[in-house]
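# Structural description and commentary
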Amino acid sequence: ASERGKDGSIPAIFIESLKGNDCKVVNPWLESEVVVLVKDGKKNHVRHQIQNKNVIVHKTSLNQNYFMVKKGMEALAEPKVYKGIPNDSPKLFFEAMLGKTRNF
């Protein structure tokens, strides 16, 4: 997961490893060094390498969370958590209705 700032920049990338394989991400920060951090109560640096075509590669562990940021921007590595509530009611747009009202 990531987000894009109003200026088009990418502040950080959040990665959740479900299988523990190698992670490969195209580097969005071509002009800067990259830091990969593991989220395990502390922010520990993870060894990574930049491969051909500017791809960042690092090993992951099963069910572990990782952050990628530009060097010096490690404070931005905290993810934003968005929460929502289900909206099960029908939607109306002029005479059109998506969904159906409850009849019970």
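The structure this text deals with has already been given above.
Residues numbered from 1 in each chain as written. Predicted model: local features only at pLDDT ≥ 70, side-chain atom pairs only at ≥ 80, totals over all residues. Heavy atoms only, no water.

### What to know about the overall build of the protein chain
Secondary structure assignment for the protein chain yields zero helices and nine strands. The linear arrangement of helices and strands in the protein chain, starting from the amino end, is β-β-β-β-β-β-β-β-β. Relative to the 2.2 N^0.38 estimate, which gives 13 Å for 104 residues, the radius of gyration of the protein chain is 20 Å and therefore markedly larger than a compact globule would have. With the C-alpha coordinates aligned to their principal axes, the bounding extent of the protein chain is approximately 60 × 35 × 25 Å. Counting 17 positive and 11 negative side-chain charges, the protein chain places the centres of these two groups 4 Å from one another. (Helix = DSSP H or I, 4+ residues; strand = E, 2+ residues; numbered from the N terminus. Rg over C-alpha atoms; globule rule 2.2 N^0.38 Å. Lys, Arg positive; Asp, Glu negative; His and termini not counted. Charge placed at Lys NZ, Arg CZ, Asp CG, Glu CD.)

### Examining the packing of aromatic side chains
Using the criterion set out here, one finds two aromatic pairs in the structure. Relative to Phe67, the ring of Phe14 has its centre 5.3 Å away and its plane inclined at 45 degrees; by these criteria the two rings are tilted. One end of the pair, Phe14, is in strand E1 (residues 12-17); the other, Phe67, is in strand E7 (residues 64-70), with 53 residues separating them in the sequence. Overall, the relative accessible area of 23% leaves Phe14 in the partly exposed class. For Phe67, a relative accessible area of 2% corresponds to the buried category. (Phe/Tyr/Trp six-rings, centres within 6.5 Å; stacked < 30°, edge-to-face > 60°. Buried < 20%, exposed > 50% of the residue type's maximum accessible area, 1.4 Å probe, protein only.)

### Here's the deal with the pattern of salt bridges
For the structure shown, the criterion picks out three salt bridges. Salt-bridge contacts for Asp22 lead to Lys59; the nearest nitrogen and oxygen are separated by 3.7 Å. One end of the pair, Asp22, is in strand E2 (residues 22-26); the other, Lys59, is in strand E6 (residues 55-59), with 37 residues separating them in the sequence. Taking the relative accessible area as the measure of exposure, Lys59 reaches 61% and is therefore exposed. A salt bridge links Glu31 to Lys70; the nearest nitrogen and oxygen atoms lie 4.0 Å apart. (Salt bridge = Lys/Arg side-chain N within 4 Å of Asp/Glu carboxyl O.)

### Points about the side chain of Asn27
Assignment of secondary structure puts Asn27 in the loop between E2 and strand E3 (34-39). Of note is the side chain of Asn27, whose polar atom sits 2.8 Å from the backbone nitrogen of Trp29. Those residues in contact with Asn27 that sit more than four places away from it in its chain are Ser32, Val34, Ile50, Asn54 and Ile56. (Polar contact = N/O pair within 3.5 Å; in protein donor to acceptor, adjacent residues only side chain to side chain. Contact = heavy atoms within 4.5 Å.)

### Some words on the sheet that holds E6
Taken together, three strands build an open sheet; the order of strands is E2-E6-E5 and the sheet is antiparallel. Two strands bound the open sheet, and with one partner strand each, they are E2 and strand E5 (49-51). Strand-to-strand, the axes of this sheet are offset by a mean angle of 30 degrees, without reference to chain direction. Inspection of the sheet shows E5 paired to E6 by three bridges, in the antiparallel sense. Directly across from Gln49, in E6, lies its bridge partner Val57. (Pairing = 2+ DSSP bridges. Axes fitted to C-alpha atoms, helices over the stretch in contact; angles between N-to-C directions.)

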